Amino acid sequence: MKRSAIILRGLLLGLLLFSRAVTAAQEKAAAPRVDVILWFDTEDYLLPADDDAAKRLAEMLSARDIRATFKVVGEKARVLEQRGRTDAIAALQKHDIAYHSNFHSVHPTPTEYLAECGLLDGIAEFVRREGAGASDVRRIFNVESLSCYGQPGSSWGSQAIAALPLIGVKSSAGPDGVPCYLDSGSHVGLNGKPFWFANALVVYNLKPNETRFDLHVPQALEAGKKNVSQIADRLRGEGGGLISIFYHPCEWVHKEFWDGVNFRRGANPPRSEWKAPPQRPAEETDAAFARFGQYVDHIKSLPGVHFITARELPGRYPDRVRNIGATREDLAEIALRLAADKSEGVNYVVVDGKSYSPADQFALLTQAVGEAMAGREVKFPLAVAALLGPDGQPPASAEEERLIDGPALAMAVADVRSFIKTEGRIPARVFIGPDAVPPADFLVALARAWNARDAEGHIAAGQNVRLGRNVELLTARRIAKDTPGLFGGWIIHKEGFRAPKVLEVARWQAWTLKPALLGGRGE
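Residues numbered from 1 in each chain as written. Predicted model: local features only at pLDDT ≥ 70, side-chain atom pairs only at ≥ 80, totals over all residues. Heavy atoms only, no water.

Visitor: It is not clear to me how the packing of helix H13 (residues 328-339) against helix H16 (residues 439-451) should be interpreted in this structure. Could you clarify?
Guide: To describe two helices that pack against each other, one gives the angle between their axes and the distance between the axes. In contact at an axis separation of 8 Å, H13 and H16 are set at 120° when each is read in the N-to-C sense. Judged on the interaxial angle alone, H16 and H13 are oblique. The crossing of H13 and H16 is left-handed. Of the residues in H16, those touching H13 at Leu331, Ala332, Ala335, Leu336, Leu338 and Ala339 are Leu443, Val444, Ala447, Arg448, Trp450 and Asn451. (Axes fitted to C-alpha atoms, helices over the stretch in contact; angles between N-to-C directions. Helix = DSSP H or I, 4+ residues; strand = E, 2+ residues; numbered from the N terminus. Parallel < 35°, antiparallel > 145°, perpendicular 65-115°, else oblique. Left-handed = near helix turned anticlockwise from the far one by under 90°. Contact = heavy atoms within 4.5 Å.)

Visitor: Just to check I follow, could you spell out the environment of Phe257 for this structure?
Guide: Inspection of the secondary structure assignment puts Phe257 in the loop between strand E7 (241-247) and helix H9 (258-263). On the accessibility criterion, Phe257 (30% relative accessible area) is partly exposed. As a C-alpha pair, Phe257 and Leu47 span 210 residues in sequence and 9.9 Å in three-dimensional space. Other than its neighbours up to four places away in sequence, Phe257 contacts Glu43, His248, Cys250, Glu251 and Pro277. (Buried < 20%, exposed > 50% of the residue type's maximum accessible area, 1.4 Å probe, protein only.)

Visitor: Just checking my understanding: could you explain the pattern of salt bridges for this structure?
Guide: Should their charged atoms come close, side chains of opposite charge can pair. For the coordinates displayed, the defined rule picks out 41 salt bridges. Where Arg466 meets Glu401, a salt bridge forms, and the shortest distance between an N and an O atom there is 3.5 Å. Residue Arg466 is found in strand E14 (residues 465-466), and its partner Glu401 is found in the loop between helix H14 (358-373) and strand E11 (403-404); the two are separated by 65 residues along the sequence. With a relative accessible area of 56%, Glu401 lands in the exposed category. Here the residues in one salt-bridge network are Glu75, Arg78, Glu81, Asp136, Arg139 and Arg271, joined through shared partners. (Salt bridge = Lys/Arg side-chain N within 4 Å of Asp/Glu carboxyl O.)

Visitor: Help me understand the pairing of strand E1 (residues 34-42) in this model?
Guide: For E1, the buried fraction is high: nine of the nine residues fall into the buried class. On E1, burial covers both faces: Val34, Val36, Leu38, Phe40 and Thr42 on one face and Asp35, Ile37, Trp39 and Asp41 on the other are all buried. With four bridges connecting them, E1 and strand E8 (residues 305-308) associate as parallel partners. In the sheet register, Val36 faces E8, and the bridge partner there is Phe307. Where E1 and E7 come together, seven bridges link them in parallel fashion. Following the sheet pairing, Leu38 is matched in E7 by Ile245. Pairing of E1 with strand E2 (residues 69-72) involves four bridges; the strand directions are parallel. Among the inter-strand pairings, Asp41 is bridged to a residue of E2, identified as Lys71. Of the crossover connections in this fold, the one passing from E1 over helix H2 (residues 49-63) to the parallel E2 is right-handed. (Pairing = 2+ DSSP bridges. Right-handed = clockwise from strand over helix to strand, strands pointing away.)

Visitor: Would you explain helix H4 (residues 86-93) in this entry?
Guide: Every α-helical turn comprises 3.6 residues, leaving residues that sit three or four positions apart pointing alike. All of the buried residues in H4 are Ala88, Ile89, Ala91 and Leu92. Along the long axis of H4, the arc covered by the buried residues comes to 160°, so they all point the same way. Of the surrounding secondary structure, the elements contacted by the buried residues of H4 are E1, H2, E2, helix H3 (74-82), strand E3 (96-99) and helix H6 (119-141). (Arc of directions from axis to C-beta.)

Visitor: Hey, could you run me through the environment of Leu80 in this one?
Guide: Here Leu80 is to be found in helix H3. Between the alpha carbons of Leu80 and Leu513 there is a distance of 38 Å; along the sequence they are 433 residues apart. What Leu80 contacts, discounting residues up to four positions off in sequence, is Asp51, Arg85, Ala88, Ile89 and Phe141.

Visitor: Looking at this structure, I do not really get the nonpolar core. What am I missing?
Guide: Soluble, globular proteins show a tendency: their nonpolar side chains are buried together. Formed by 138 residues in total, the largest nonpolar core has its most connected members in Phe40, Phe141, Trp156, Trp252, Phe292, Leu365 and Phe442. No other element matches the nine residues that H14 contributes to this core. Trp196, Ile308, Leu313 and Tyr317 belong to the second-largest nonpolar core, a separate cluster that totals 19 residues. (Core = buried A, V, L, I, M, F, W, Y, C linked by side-chain atoms within 4.5 Å.)

Visitor: I keep staring at the packing of aromatic side chains and nothing clicks. Help me out?
Guide: The geometry of an aromatic ring pair is captured by two quantities: the separation of the ring centres and the angle between the planes. All chains considered together, the criterion is met by 23 aromatic pairs. Where Trp258 meets Phe263, the ring centres are 6.3 Å apart and the plane angle is 80°; that geometry is what we call edge-to-face. On the basis of relative accessible area, Trp258 is assigned to the buried category, the value being 0%. Seen in terms of ring centroids, Phe362 and Trp511 are 5.8 Å apart; in terms of plane orientation they differ by 90°. Their pairing is edge-to-face. Placement of the pair is Phe362 in helix H14 and Trp511 in the loop between helix H18 (500-509) and strand E15 (514-515), with a sequence separation of 149 residues. In this structure Phe362 comes out as buried when scored by relative accessible area, which is 0%. What links up through ring pairs into an aromatic cluster is the set Phe40, Phe70, Phe213, Tyr247, Trp252, Phe289, Phe292 and Tyr295. Of note, Arg78 hangs over the ring of Phe103, and the distance from its end group to the ring centre comes to 5.1 Å. (Phe/Tyr/Trp six-rings, centres within 6.5 Å; stacked < 30°, edge-to-face > 60°. Lys NZ or Arg CZ within 6 Å of the ring centre and 35° of its normal.)

In structure tokens:
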């Protein structure tokens with residue numbers, strides 16, 4: 001074969017290989033992205049070996065260019081400082097620093113001290129007990145804000161989520177920082193995906209998209225790799241999504257959790273009697289680290305998979321309602337759904353790629369109807385205030401259907417707008433003259449009033465509007481039922497411990513529940 005032909009053939013082969021490589025890269029880039037959030041509850045402040053385990057984990061992941069989220073207990077941060085473990089602190093600082101309560105399992109735990117609280121006193125109590133720990137974690141790790149919070153064990157409460165901005169838990173230190181909640185549990189959830197609740201971005205109850213494997217069982221590794229691969233494949237088929245994986249650094253080094261040794265089933269010994277948990281032999285710890293290294297290497301090799309931290313979550317799940325507001329068309333769709341005769345109740349809605357909680361809808365319609373009744377033009381897009389849910393149980397609905405006349409409606413709307421501006425939450429009751437009505441019933445009346453505007457967009461002063469009756473807040477169904485195992489299943493709480501009022505307050509906050517849309521897109 002002539003030399004020129006050989007050269008030509010080589011060029012053609014090179015072009016073919018290059019074309020295939022480009023095609024493969026384009027296909028990978030075009031494939032739906034799957035995010036993996038890897039987080040560690042960094043909590044054991046009794047066993048010194050946990051300091052080394054946390055450092056080793058951080059360094060192992062840094063060497064692989066993987067950033068994880070380390071949720072640090074306040075006392076753990078203080079103990080690292082007292083022990084002079086600047087090496088462990090420096091290793092963790094290369095990752096995302098978050099918060100995991102002040103003392104974790106020392107009684108009273110969050111649910112124990114929130115058990116008889118309402119919304120407002122519960123928020124204040126959480127800040128009083130947990131704020132100092134959050135401040136210490138920020139100071140010791142030299143971060144302006146903590147990227148997220150998650151509860152110790154099953155010690156959950158909606159007041160904690162609402163309180164996060166008050167203790168410096170948000171994606172950035174500025175006014176636009178988004179509070180995030182990251183943990184594993186079943187107290188509230190939304191189809192195994194991230195959601196908004198109490199004005200925080202919440203990654204919780206993510207099953208079937210939550211996974212982990214037993215570090216100390218050799219044969220568990222392959223099953224763990226297979227499971228995470230299957231989840232990633234499914235999420236790619238759904239257009240992308242989030243996988244949650246969590247561990248505790250102490251799992252690599254102990255034989256029993258540190259808190260179970262000391263605070264089991266309500267035990268609360270003085271600090272002088274606290275005992276460090278028994279430690280695993282070095283070879284078992286080394287083997288567990290080796291298996292975990294293989295696990296994260298496998299995840300990193302999966303097509304379209306990216307590791308992210310809690311601080312990056314708001315960028316992946318932006319709230320377009322807060323960012324750009326509601327259009328005229330959005331509000332029209334919301335009002336039509338609320339006022340529909342076949343409506344089952346008040347629920348979140350997704351309109352044009354924007355997710356509206358019941359609280360969002362209440363804020364929008366109160367503002368819009370108020371402006372229209374005053375004869376003013378409603379200017380779009382409408383900004384949507386971030387409201388909390390009510391601080392109390394709503395009154396019962398009227399026994400019979402009721403019409404509200406125009407002046408009474410105008411007075412009620414003005415009163416509600418004043419309440420929202422002053423209190424920043426949905427009122428537990430709305431007054432129509434001397435009569436208190438549920439906010440859900442009033443929201444339906446607002447929707448009917450908006451739908452009845454005249455050609456100029458005004459609501460006639462003499463027009464009667466029908467109030468809703470027995471309107472159910474459908475998002476409250478997403479709050480778990482009170483069972484002996486929901487809180488009492490955690491080894492630290494007393495067996496069978498129950499906190500029904502915590503769940504009642506959470507149902508009031510279900511006004512704020514809505515999906516967090518990946519990339520802000522619609523569903």
